[in-house]
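Topology and contacts: notes
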Amino acid sequence: MIFVLLVLAGLFSILTLKQQHPTGEAAGRQVADFILSRYGRQARVLIVTRNTGEDIAFANVVAIRLKDAGAKVLDNVNGAAPDARRAIDSILASGGEIDAIAANDVTSKWPVYDRYPNVGSGKCVVPSSYLWPDFLKVSNLLGVANQTAIYAMIAIGMTMVIITGGIDLSVGSLVALASVGTAIMIRDGGGGANAGLVTVVGAAVAGIGICALAGAFNGFMITAFQIPPFIVTLSMMMMASGLSYRLSSGRSIPELPTSFFWLGRGETVGIPNPILLMIVLYIIAHVVMSRTVFGRYVYAIGGNSEAARLSGVPVNRILMSVYTICGALAGLGGIVLTSQLSAGDPKFGLMYELEVIAAVVVGGTSLMGGRGKIFGTLIGAFIIAIIKNGMNLKDVDPFNQKIVLGAVLMLAVLFDTLKRRNSRV
Amino acid sequence: MIRLSAIVLFVFGIAITGCSDSNRKTTTPDAPKTNDVVKSKGTIGFSALTLTNPFFKVIADNMKAEAEKHGYDLIVVSAERDVKTQADQVNEFIVKGVAAIVLNPCDSQSIGPAIQKANKAGIPVFTNDLKYDGNEGKVVCHVATENYQGGKLAGEAMVKLLKGTGGKVAIIHFPQAESCQLRVKGFTEIVNAHNTFSNGDKIEIVSTLDGGGARDEGFKAAKDAIEANPDLAAIFAINDPSGLGARSALESVAKQDQVTIIAFDGQLIGKQAIRDGKILCDPIQFPDRIGRSTVQQILKHFNGDEVPAEILIPSELYYKADADKDPELKQ
């Protein structure tokens, strides 16, 4: 499975190979030196960059280097094209002349310079570009991991459920329920945007608790009345979705304090928190599933529920716990999503159940139950995410993307079937 | 097993390369650039609300045409009404380093962090049709139909229809959407103004019901309205689907000749209904103009001009006479 992931990563690295346009300090030095060597120390230079951290670093290095060499920096614009126009206007109005414009790829493409006959974009000096895949940019890789984190978290619970031979269709709606429930508790009970940390944590835990209860209810209906999980969780999916729309009157709830955004949008040692949370959860889940009695029981139930019962496995209790865990993780996913998007919204989680089931199946867990690995699911989630990301980076038509994703899922199930047949022989 | 997956991946790779447009434009500007080497001036990323609604497809197509006319590329993706999908798409636009981003926000609030992220990356964000209402990120310019003025047009059409006779009117509303609130506001104002000076031909708004902006909900709402007010004279529906739902409701109780419908939008189905006499008239929207105008604002912004925070495209009334001349309906 990991082999497929690596091949995909390699494939997209090659496919998204592209000229990259640097900015930042090193690029600034390069541009300043080029201007000095070409226009000499009497150069009159305008610096135009956007208002971003890297761009400002670029601009400052250019400015300092030019000034040190005795050249004249007419103005240092960090903003948008209209700011550049204003700067050029005032330079020309005071009788100044521009020899060169230190810019980067984006700002040099603004047509603003061509408004003036004696400026023109031909005066732009930009850093030289280099070849590097869009896919392998750190910002992209972190972005993909961050996007996948929520699906991957929910997929842990789903993997357990599917290993027992069941299915949980309610996770998408539980994401919405946790999101709306928590946001409403914070808004109505804790003072909305001014809520304190204790309220925020309390509301988040309560939101997860509600979803755990919903999961436990699923488990109860399945074990006590032998109703197929498909039907029970389908009903829960509708009820939870309806409830979250009802509670929120169909609107999003943005009245949340900034402390709430730490989980979804904050970073620890440069890595977004959702990714770290996902890694921690996967390690715990892996240990639970492979090293504990509970984990053995889950596999045993999926392998043969009747045999497990006769061997003394508390089947009903284990099933209850598995559905409860699945509900709680869906709730956690809802909290992270709410934190990431800074509002509670009943529209969240739409079709997540299918995304998550797809990740589990692509990750090699058998829908028949009894077989599957937690880390397989993580890889499955990333295979889907990387395919989506790669197709987006390559501008594949959105309708074609759906066809490809459907085909990938079909292939995953095909592999599963072939593997099963081979092992039986 | 591994051999099989390798083959699959190989085929898949070829498929991807085939599907995507391969005209990568690479300029390697080391030195001062000369003006004539500029091939693509940059890429604009557009995340549409959905591409299954023809309205947004028309916006996207016109944006593409306008962008290409001025040497820009346009990438269109569909968020399918999911905010998280849209936020992920914005993230990918940032990775690609697009020159500008255009959104139909899937939610007027929760798309804020994504806009803020684009702002931080120095990429200007524009919206059209749907507005961003939060205050986390900054949108350069919003282009949309002038819904308030469109509502007034609908009001004027209603006054023209019922002048001299007066009568009872029902509104099939969709109060969740701000655009529809503006439409109803404009409509009500004109009707009230008429009533102030009326001599015996008062237009009475007897009920305002939620039609969900959809055909099935509109059907139910209209049915309730006609049940409660058997002498209803006209209906104002805030869009074409709910107007057509109302029409079905009237037909089911054989009152289509007693009650006249005025709707909104000018979608193809609405225009056809106007041609067939099922709807009297629509204040119509111009998704083509919205799309073109959005790109024009982006170009103005890059050109260093100040761009207004909001551009409203006026609506126009569209009657059967217009439908008979409309080339769109002749195909």
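All values derive from a computational prediction rather than experimental measurement.

**Observations concerning the overall build of chain A**
- Across its full length, chain A carries 17 helices and eight strands.
- Computed over the C-alpha atoms, the radius of gyration of chain A is 28 Å, more than 25% above the 22 Å expected from 2.2 N^0.38 for a compact globule of 425 residues.
- The dimensions of chain A, computed from C-alpha atoms along their principal axes, are 95 × 60 × 35 Å.
- Counting across all 425 residues of chain A, residues that qualify as buried make up 54%.
- Of the contacts formed within chain A by residues at least 6 apart in sequence, a portion of 77% connects residues at least 24 apart.
- Total accessible area on chain A stands at roughly 17600 Å², and carbon and sulfur atoms take up 64% of it.

**Considerations on the sheet that holds strand 7 (residues 203-210) of chain B**
Residue and element names in this part refer to chain B.
- Taken together, the four strands give an open sheet; going across it, the order is 7-6-8-9, and neighbouring strands pair in parallel fashion. Looking at strand neighbours, the two that pair on one side only are strand 7 and strand 9 (260-262), the edges of this open sheet. Taken over all neighbouring pairs, the strand axes of this sheet differ in orientation by 25 degrees on average, direction set aside.
- Inspection of the sheet shows strand 6 (residues 167-173) paired to strand 8 (residues 232-237) by five bridges, in the parallel sense. Across the sheet, residue A170 finds its bridge partner in strand 8, namely I235.
- Contacts between helix 5 (residues 147-162) and the sheet are confined to strand 6, strand 7, strand 8 and strand 9, with strand 8 contributing the most and set at about 165 degrees to the helix.

**Here we look at the environment of P124 of chain B**
Residue and element names in this part refer to chain B.
- Relative to the assigned elements, P124 resides in the loop between helix 4 (112-120) and strand 4 (125-128).
- Overall, the relative accessible area of 12% leaves P124 in the buried class.
- Sequence spacing of P124 and A99 is 25 residues, and the spatial spacing of their C-alpha atoms is 7.5 Å.
- With sequence-adjacent residues up to four places away left out, P124 is seen in contact with A99, A100, I101, V140, H301 and F302.

**Considerations on the pattern of salt bridges**
- Under the defined criterion, the tally for this structure stands at 32 salt bridges over all chains.
- One salt bridge connects R44 of chain A with D99 of chain A, and the closest N-O pair in it is separated by 3.2 Å. Residue R44 of chain A is found in strand 2 (residues 44-49), and its partner D99 of chain A is found in the loop between helix 4 (81-93) and strand 4 (100-102); the two are separated by 55 residues along the sequence.
- One salt bridge in this structure joins K347 of chain A and D107 of chain B, with 3.0 Å as the shortest N-O distance. Of this pair, K347 of chain A sits in the loop between helix 14 (315-341) and helix 15 (352-362) while D107 of chain B sits in the loop between strand 3 (100-103) and helix 4, each in a different chain.
- For K347 of chain A, a relative accessible area of 25% corresponds to the partly exposed category.
- A network of salt bridges, in which partner residues are shared, links D83, R85, R86 and D89 of chain A together with E306 of chain B.

**A closer look at the nonpolar core**
- The biggest cluster of nonpolar side chains holds 164 residues, and the ones touching the most others in it are I101 and Y113 of chain A together with F46 and I101 of chain B.
- Here the element with the most residues in this core is helix 6 (residues 138-163) of chain A; it accounts for 15 residues.
- Those residues within four positions of F46 of chain B in sequence are excluded, and the remaining contacts are I59, A60, M63, L74, I75, V76, V77, F93, V102, L103, N104 and N128 of chain B.
- Core analysis: the next-biggest nonpolar cluster, separate from the first, contains 24 residues, I172, A221, L232 and I274 of chain B among them.

**Regarding a nonpolar patch on the surface**
All names here are of chain A.
- Where nonpolar side chains cluster on the molecular surface, the patch consists of Y130, W132, L136 and L141 and spans about 370 Å² of accessible area.
- By the secondary structure assignment, Y130 is in strand 6 (residues 130-133).
- On the accessibility criterion, Y130 (43% relative accessible area) is partly exposed.

**Some remarks on helix 12 (residues 293-303) of chain A**
Residue and element names in this part refer to chain A.
- Among the residues of helix 12, F294, G295, V298, Y299, I301 and G302 are the ones counted as buried. The arc that holds the buried residues of helix 12, viewed along the axis, is 160 degrees, so those residues lie on one side. Across from the buried face of helix 12, at angles greater than 90 degrees, the exposed residues are V293, R296 and G303.
- Of the surrounding elements, those touching the buried residues of helix 12 are helix 6, helix 11 (273-291), helix 13 (305-310) and helix 14.

**Quick word on the interface of chain A and chain B**
- Contact with chain A, which involves 70 residues of that partner, is made by 57 residues of chain B.
- Buried surface at the junction of chain A and chain B, summed over both partners, amounts to about 5800 Å²; 59% is from carbon and sulfur atoms.
- The interface formed by chain A and chain B holds six salt bridges in total.
- Ionic pairing is found between R86 of chain A and E306 of chain B, a salt bridge with its closest N-O pair at 2.1 Å.
- In this assembly, chain A and chain B are joined by 18 residue pairs in polar contact (both at pLDDT 80 or more).
- When its residues are assigned to classes, the side of chain A that touches chain B shows 37 nonpolar, 18 polar and 15 charged.

**Description of the packing of helix 11 of chain A against helix 12 of chain A**
All names here are of chain A.
- In contact at an axis separation of 5 Å, helix 11 and helix 12 are set at 70 degrees when each is read in the N-to-C sense. Put simply, helix 11 runs roughly perpendicular to helix 12. For the pair helix 11 and helix 12, the contacting residues are V288, M289 and R291 in the first and V293, F294, G295, R296, V298 and Y299 in the second.
- Its residues placed into classes, the contact of helix 11 with helix 12 shows six nonpolar, one polar and two charged.

**Let's talk about the domain arrangement of chain A**
- Examined at the domain level, chain A breaks down into domain 1 (23-129) and domain 2 (138-424).
- The centre of domain 1 of chain A, based on its C-alpha atoms, is set 50 Å off from the matching centre of domain 2 of chain A.

**Considering the packing of helix 5 of chain B against helix 6 (residues 178-196) of chain B**
Residues and elements named next belong to chain B.
- Orientation of helix 5 relative to helix 6, taken along the N-to-C sense of each, is 40 degrees, at an axis distance of 7 Å. Taken together, the axis directions place helix 5 and helix 6 in an arrangement best described as oblique. Here helix 5 and helix 6 pass one another in a crossing that is right-handed. For the pair formed by helix 5 and helix 6, the contact residues are N147, Y148, G151, K152, A154, G155, E156, M158 and V159 on the first element and S179, L182, R183, K185, G186, F187, E189, I190, V191 and H194 on the second.
- Split into classes, the residues belonging to the contact of helix 5 with helix 6 amount to eight nonpolar, six polar and five charged.

Cut-offs and rules
- Residues numbered from 1 in each chain as written.
- Chains lettered and ligands numbered in written order.
- Predicted model: local features only at pLDDT ≥ 70, side-chain atom pairs only at ≥ 80, totals over all residues.
- Heavy atoms only, no water.
- Helix = DSSP H or I, 4+ residues; strand = E, 2+ residues; numbered from the N terminus.
- Rg over C-alpha atoms; globule rule 2.2 N^0.38 Å.
- Buried < 20%, exposed > 50% of the residue type's maximum accessible area, 1.4 Å probe, protein only.
- Contact = heavy atoms within 4.5 Å.
- Areas by Shrake-Rupley, 256 points an atom, 1.4 Å probe, with all protein chains shown as cover.
- Pairing = 2+ DSSP bridges.
- Axes fitted to C-alpha atoms, helices over the stretch in contact; angles between N-to-C directions.
- Salt bridge = Lys/Arg side-chain N within 4 Å of Asp/Glu carboxyl O.
- Core = buried A, V, L, I, M, F, W, Y, C linked by side-chain atoms within 4.5 Å.
- Patch = residues over 30% accessible without salt bridge, like charges linked within 9 Å, V, L, I, M, F, W, Y side chains within 5 Å.
- Arc of directions from axis to C-beta.
- Buried area = accessible area lost by both parts, 1.4 Å probe.
- Polar contact = N/O pair within 3.5 Å; in protein donor to acceptor, adjacent residues only side chain to side chain.
- Nonpolar A, V, L, I, M, F, W, Y, C, P; charged D, E, K, R; others polar.
- Parallel < 35°, antiparallel > 145°, perpendicular 65-115°, else oblique.
- Domains from an automatic or database assignment.
- Left-handed = near helix turned anticlockwise from the far one by under 90°.

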